[in-house]
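# Structural description and commentary
Spelled out, the chains give:
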Amino acid sequence: MNIHEKYMNRCIELAKNGLGTTYPNPLVGSVIVYDGKIIGEGWHGKAGEAHAEVNAIQSVKNEELFKKSTIYVSLEPCSHFGKTPPCSDLIIAKGFIKVVIGTMDPFAKVAGRGIKKLMDAGCEVKVGILEKECLELNKRFFTFHKKQRPYIILKWAQTSDGFIAPQKKESNRPVWITNKYSGQLGHKWRSEEAAILVGANTVKADNPKLNVRKWTGNDPVRVVIDKDLKLSADFSIFDGSVKTIVICAEKDASREKENLLFEEINFSENIADEICRILYEHDLQSVIIEGGSQTLKQFINSGLWDEARIFTGRNQFKTGIKAPEFSGNLQQEKTIETDNLKIYRND
């Protein structure tokens, strides 16, 4: 790892502090280096608040050092006025002459304009340091802006004999396949994504809350597929505590209220495509598909998924609802006490 990569790696580490809180903005980290030492650090924590470069600059007391410093940033500095002024203008105004950038910003209002502004002002700009890692950092943001759909994460738990649910249940409470540590990790993941989606059968079977309870963070927007609006208002997802979108064939406007919206799709078309369109219209950059089996299969069969996160517990059901079949590239595997976790990519 060369010196530029070392400091860019630190930018990436800092940026991850904003995971789950910067939406709809990207994750960005920045460091300022003077005479071979980091003298300032910052990251973007929340939309509408100061960007990473601003926080890094404000962390340095002696601004005279900027003229002989290099500022590193994981994503191209913005060049437009949004909720905050352009970071590229601030970098220029503070006298930096060396700027190192991880990757360009695909967002239409930036897309190379920040880099051009810096270069036109006489800055020495280097782009593409740890670019692959910087792209991975903002996989949600890039997917949303380049593909006009959310980043899609499939997630389920299965028994060691390959079932995700028993054939029959005695109540509408979940049957736990994994241990409490895997359950906690699942809630951490919820806090990191913009939305979570299930089908009507999962709601009927488990009456899930689909919020964050075993971790600290924001609740994702709840999305449920209920084609014919057969789910009663008694289910937890309709409690009004979290924004909830119901995907249906024909919406009932009389049922809409605060935090409860109904969106129509054409169920004779590609359902996964139609759902992605709705989520994109709601500016939801990522979604966890938590089931059930038919809902997961809709996205698998359409090829519309980016990651699959699969827990396998020790217990067996012998019979029941089989786990979905799919093909993907294994990226990570680890043991969580009694459970096995595998994470795949759809490349």
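Because the structure is a prediction, the values reported are computed rather than measured.

A few words now on the domain arrangement of the protein chain. Split by domain assignment, the protein chain resolves into domain 1 (3-142) and domain 2 (149-345). For domain 1 versus domain 2, the separation of C-alpha centres amounts to 35 Å. If you look at the interface, domain 1 gives 9 residues, while domain 2 gives 14 residues. Here domain 1 is connected to domain 2 by 3 salt bridges. Glu 136 is the salt-bridge partner of Arg 345, the closest N and O atoms lying 2.6 Å from each other. For the pair domain 1 and domain 2, the interface holds 6 residue pairs in polar contact (both at pLDDT 80 or more). Per-element tally for the side of domain 1 that touches domain 2: the top contributor is helix H6 (residues 139-147), with 3 residues.

Okay, the UniProt feature "binding site: NADP(+)" (unreviewed entry) in the protein chain next. In the numbering used here, UniProt assigns the "binding site: NADP(+)" (unreviewed entry) feature to Ala 157, Trp 176 and Thr 202. These annotated residues cover 46 residues of sequence, but their C-alpha atoms sit close together, with the largest distance between any two at 13.7 Å. Of the annotated positions mentioned, Ala 157, Trp 176 and Thr 202 line the largest pocket. Position of Ala 157 relative to the elements: it lies in strand E6 (residues 151-158). Given a relative accessible area of 22%, Ala 157 falls into the partly exposed group.

Here the focus is helix H10 (residues 293-302). Along H10, the residues classified as buried are Ser 293, Thr 295, Leu 296, Phe 299 and Ile 300. When H10 is viewed along its axis, its buried side chains cluster within an angular range of 165 degrees and face the same direction. Projecting away from the buried face of H10 at angles above 90 degrees are the exposed residues Gln 294 and Asn 301. Positive phi shows up at Gly 303, right after H10, with a value of about 70 degrees.

Moving on to the pairing of strand E13 (residues 307-312). For E13, the tally of buried residues reaches 5 of 6 residues, placing the bulk of the element in the interior. With 6 bridges joining them, E13 and strand E16 (residues 339-345) adopt antiparallel strand pairing. Its bridge partner lying in E16, Ala 308 is registered against Tyr 344.

According to the stated counting rule, one finds 8 aromatic pairs in the structure shown. Relative to Phe 142, the ring of Phe 141 lies with its centre 6.0 Å away and its plane at 65 degrees, an arrangement referred to as edge-to-face. Their ring planes at 85 degrees and their centres at 5.6 Å tell us that Trp 156 and Phe 326 sit as a pair that is edge-to-face. Here the residue Trp 156 occupies a position in strand E6, and Phe 326 occupies one in the loop between strand E14 (321-322) and strand E15 (329-336), the gap between them amounting to 170 residues. Relative accessible area serves as the criterion here: at 4%, Trp 156 is assigned to the buried category.

Once that is clear, we can look at the side chain of Asn 211. Within the secondary structure, Asn 211 sits in the loop between helix H8 (200-206) and strand E9 (221-225). Those residues in contact with Asn 211 that lie beyond four places of it in its chain are His 187, Arg 190 and Asp 219.

The terminal C-alpha atoms of helix H1 (residues 3-15), which comprises 13 residues, lie 19 Å apart, in line with the 18 Å expected from a rise of 1.5 Å per residue. Those residues of H1 lying buried are Tyr 7, Met 8, Cys 11, Ile 12, Leu 14 and Ala 15. The arc that holds every buried residue of H1, seen down its axis, measures 160 degrees, which confines them to one face. For H1, the elements touching its buried residues are strand E1 (29-34), strand E2 (37-43), strand E3 (69-75), strand E4 (98-103) and helix H5 (131-137).

Rules and cut-offs
- Residues numbered from 1 in each chain as written.
- Predicted model: local features only at pLDDT ≥ 70, side-chain atom pairs only at ≥ 80, totals over all residues.
- Heavy atoms only, no water.
- Domains from an automatic or database assignment.
- Contact = heavy atoms within 4.5 Å.
- Salt bridge = Lys/Arg side-chain N within 4 Å of Asp/Glu carboxyl O.
- Polar contact = N/O pair within 3.5 Å; in protein donor to acceptor, adjacent residues only side chain to side chain.
- Helix = DSSP H or I, 4+ residues; strand = E, 2+ residues; numbered from the N terminus.
- UniProt positions renumbered as here; feature names shortened; annotations may be inferred.
- 1 Å grid on protein atoms, 1.4 Å probe; cavity = no way out; pocket = protein on both sides within 12 Å on 5 of 7 lines; lining within 4 Å.
- Buried < 20%, exposed > 50% of the residue type's maximum accessible area, 1.4 Å probe, protein only.
- Arc of directions from axis to C-beta.
- Pairing = 2+ DSSP bridges.
- Phe/Tyr/Trp six-rings, centres within 6.5 Å; stacked < 30°, edge-to-face > 60°.
- Expected span 1.5 Å × (residues − 1).

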